[in-house]
Each structure stands twice: as C-alpha cells, then as structure tokens.
Amino acid sequence: MLRLVLPLATFALLTGCLRNDPVPTLPEAVVGHCRYTNPFAKLEECRDYLGEWSEKQAKDDCASQQLEGQKAEFVLATKCSYPSILGYCILGGGTKFTRIHLPGSDDTKCAGSERGCEVFGGGLFDPAPICGGKVSEGGGTGLPTYQPPVLFCKDPMPGEAAGKSANGQVCTWSMISGATEPGRDFEQYSDCNIVRTQRPYYGAPTNMNATREDPRLNDPAYKAEIDWMKKEITATACVCCHKTSAPNGASNWHVDQPGNFINGFYDRGLAMGAGWINTVGFGAYPVEQNNGFSRATPDRPDDSIFVTTDPARMKRFFEAELAFRGKTKADFAGQVYGAGPLDDQRFYVPKACENGEGVDEAGTLTWIGGRARYVYVMEKDAKSPGVAPNLDMPAGVVWRFDVAPTEKQGLESGSVTYGNTPAGAAQRFPAEGSPAALVTGREYYLYVLQDVAFPATRCIFTKR
Ligand code: HEC
C-alpha cells in the first residue's frame, strides 16, 4: 500500500485539496478486487485493480492490505459491489489504477470519507450521489447503467429438443421478469450480465438459522413440489442473482442451498411468493411473450412474485410453506406492497414544478436532479411510470425518449428541445413521427429519470 500511496500523498500535500480535480478516465480492464478492513476506519472496504496490473501484483497488493486478525480476500476478474457507496477513492495513474469502494449510505460520513481518502490515503475522492456527486460511470446513480432487455434467440443446447420459436430456436428476454422455455436453463439462453444491471444486485445472507436438513424431503409428494419449483426458477432470470455462482454471491435465498432451499427464505419472501404481499411493481411480461411464464400484474395482483407456468400451483406451494411456519395472511397485513422504491415511484403524485422545470417558449426542456437517461412529457393526469416491460408506458404519454445504455452519460438539462430526439437517444413515443405539439397554457407532467428507478424531476408545468 505504501509503495503506491506515498508519491500521491506528497502530491496531495503540495496541491492542497484535491476535491475539484477532475476524476481521471479509468481503464476498463478489471484485473480483480480485494475486500479487506481499512486500518484507520476499521470498516470494510474493497478495491478494484484496474488497467495493467499483473495478477501477481494485484494479489500481492491485496495481501499487503491484510491487518492482523482480519481477512483480505482477493477475487479475480470482477469488481467490488455494494448496494450503496459513499464514493470511490482513486489511487494511481497512467495505465494502472486502484479504485476503492467506500461502502455506506449515511451521508454524515461523507466529509470523513473524503478526508480519509485525500489526506490520509493520498487519493482522489469521487463522491457518490449520496455525498453530493453528480456523474459517475452509471450516469450519476452510483450503480451500473440499466441495460434494457434484449430478446435473445438461440439454437437449443446440444441434446435438448428444438425450441418453439422460428427455425427451432429458443427466444428469451434478458429481463428480471423474463423466462426461457420450461425445463431449460435461463443462464444458457439469455444474458445475466444484462439482468444484473436491472436492479441493485449484491450478495446477501439467507435466513441463517433455518434448518437445512428437512425430513419433509423424504415425502415424495413434497419432494416433487420442491423439484418442480427449482425447475421453474432455473428457467427464469431469478437465477442470475439467486444462485451461489452469481459474481458477488447469491442475494438472500438461492436455488443451490444445501438441504431444503426453501428454508433459506425469510417469511417476507415466502409471503411475496404466495402473493400475500403485492409484487406487481416489479413488472411482468404477458404470458404469450414469455414462453408461457407469468407473475403478478395489475390484472392479477394476487399472483406470485415468481415467474411461473402455473400461477395457482406456485401460490399453493408458498401458502403451504407459510402454513408450515405458522404464518397467516394477517401477519403481513401491514405490508401491502412489496416493490419498495418501485412502488413509491409508481404511486407518485406530482406537484407543480417550482424550479423553472418544464418546456419554455423556445421548446427547451429544463429539469433538475442530474443528467437524464429517460425523459417523458405526459398529459397532466397520466399515472407515474413504473418499470418495463408493462408499467413504463402509462396512458397519456405525449413524448418519450430513452438515452442508449451505451452512452456514458445522460443528457444535461437545457440540451433538449421538445420533439427533437437528441443524438444518442431513441424516441419511444410516438413510435413514429413527431409528438403532438404542446398547447400553450395547458398543464403537462414532466417526468425525468437519471436512470431506471432514479427520478430526477417529476412535476406539472404549464406550457408557456
Ligand atoms: C439483479 C439481481 C436479482 C434478480 C434478477 C432477482 N433478485 Fe430477488 N433479490 C435480489 C436482492 C439483491 C435481494 C435482497 C437481498 C437482501 O437484501 O436480503 C432479493 C430478494 C428477493 C426476495 C426476498 C425478499 C425478502 O424481503 O426476503 C425474493 C422473494 C426475491 N428476491 C424474489 C425474486 C424473484 C422471484 C426473482 C425472479 C423473478 C428475483 N428475485 C430476481 C436480487 C435479485
């Protein structure tokens, strides 16, 4: 650590505060990452080795981070990942960088993290949005840019039957709510790297105290239900994160849990499986576009969070597990909706714009809250959009465009005029041609997202 840090520390002292220095463009290559305990803060940290590190150099650096009595864990080829970070501390230069992730969500720790990084560590602090940062590689959200779903059509795996799509292919959406054909493995027919950008993904422990060895598995009828469940899940995108082979570990429950995997669920997860907690907000495909799989939708709000070929059987399965744990619907009476921030966004009721947001005489769009990847102008009484594929285009959209996920950054306020889809973006509504002209004096709903699930501006303006 000292080897790397000292020259930069000297630099930091000479130049004083580094805060306003631009963050350098970091190399794309990820040699690996290292999780360890920070010697000053005594908190967990994690560093990415970016650029021209050899595997050995990275491993040695990781070993040198190890404090007595603590672990330092090196993992090849993947980046650190936390559900929330205060920012990055960037060390190094040229073609070889170390990017330290500073986990946390408490904004009172921002100043301390910046000082720790710049004064003691000799690095450059790149704040996450929580700490006042604006733009990062995720377009300002601190998370990877959301990748929209793609329909993958592939030849069947060797030894598997012909697929049901044209030319015997198997077609599968790369989407959290997507499923491949029953009996096949989602991971082989789609792309989990896309799926894992579609919600915050991180490893999280299963229900720790659960008994894994479960005599119920000796009952053939029960065992058949468990096997059916696992087969259903294997065909869906849930395996992208709910499986130990996911890059940062499994999130909460996982299909490859030894013993009875369902015992690794928390009660709340079971209640979402049973449809006792409403999970409509997570989004769903129509069954005919999803290889016969469905889940809860606004039409069928009591269906499971699980994407299944047999919604009634799926519900029954989870209701039986809840009954086995002695739980009833009444135990979840206070938890009506399960999709958290996605539900808050879906039910959001906009107020009048206050900060000059809207569309002015010249047609220029103004918003606040950072760069934009998704921009909607809607009728005043349109419902707030939710997530794709079924909740993101409510009735009343007048104009919508999406910035391509390959664009490094979203668009700045003031850079768009009404009806002119900017370079690097695609118009989503209307499907073709120009949007209807806005009527002077009429009210509209301006809805701007930094990225999916990260609202920037949501308010009602009057067209001047
Ligand atoms: C992109 C990653 C990802 C995908 C894909 C994903 N999940 Fe999750 N899931 C998570 C994370 C992260 C958590 C929360 C872990 C925690 O904090 O305990 C979670 C938690 C859950 C829970 C437990 C909720 C609770 O409160 O106990 C259920 C149930 C669940 N997911 C169902 C599903 C289903 C069904 C699918 C597929 C349709 C799915 N998930 C797909 C990442 C994912």
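Given the structure is predicted, the values throughout are model-derived calculations rather than measurements.

What counts, and where the lines are drawn
Residues numbered from 1 in each chain as written. Predicted model: local features only at pLDDT ≥ 70, side-chain atom pairs only at ≥ 80, totals over all residues. Heavy atoms only, no water. Helix = DSSP H or I, 4+ residues; strand = E, 2+ residues; numbered from the N terminus. Expected span 1.5 Å × (residues − 1). Buried < 20%, exposed > 50% of the residue type's maximum accessible area, 1.4 Å probe, protein only. Arc of directions from axis to C-beta. Contact = heavy atoms within 4.5 Å. Pairing = 2+ DSSP bridges. Polar contact = N/O pair within 3.5 Å; in protein donor to acceptor, adjacent residues only side chain to side chain.

Moving on, we come to helix α8 (residues 311-324). Over its 14 residues, α8 extends 20 Å from the first C-alpha to the last, a length consistent with the 20 Å expected when each residue adds 1.5 Å. Buried within α8 we find Pro311, Met314, Lys315, Phe317, Phe318, Glu321 and Leu322. Angular distribution of buried residues about the axis of α8 spans 160°; they occupy a single face of the element. Those residues of α8 that are exposed and angled more than 90 degrees off the buried face are Arg316, Ala323 and Phe324. Against the buried residues of α8 lie α6 (220-234) and α7 (267-273).

The next subject is the sheet that holds strand β15 (residues 443-451). In space, the six strands of this open sheet follow the order β9-β16-β15-β12-β13-β14, with mixed pairing throughout. In the strand order of this sheet, the two ends are held by β9 (351-352) and β14 (425-429), each with one partner. Across six bridges, strand β12 (residues 374-379) lies against β15 in antiparallel orientation. Within β15, the position partnered with Val375 by the bridge is Val448.

Next up on the list: the side chain of Asp48. Its place among the elements puts Asp48 in strand β2 (residues 44-51). Using a relative accessible area of 0% as the deciding quantity, one classes Asp48 as buried. Within the structure, the side chain of Asp48 is placed 2.7 Å from the backbone nitrogen of Cys80, a separation counted as a polar contact. At a separation of 2.6 Å, a polar atom in the side chain of Asp48 contacts the side chain of His101. Not counting residues within four places of it along the chain, the set of residues in contact with Asp48 comprises Gly32, His33, Lys79, Cys80, Phe97, Thr98, Arg99 and His101.

These results come straight from atomic positions and should not be treated as a statement about function.
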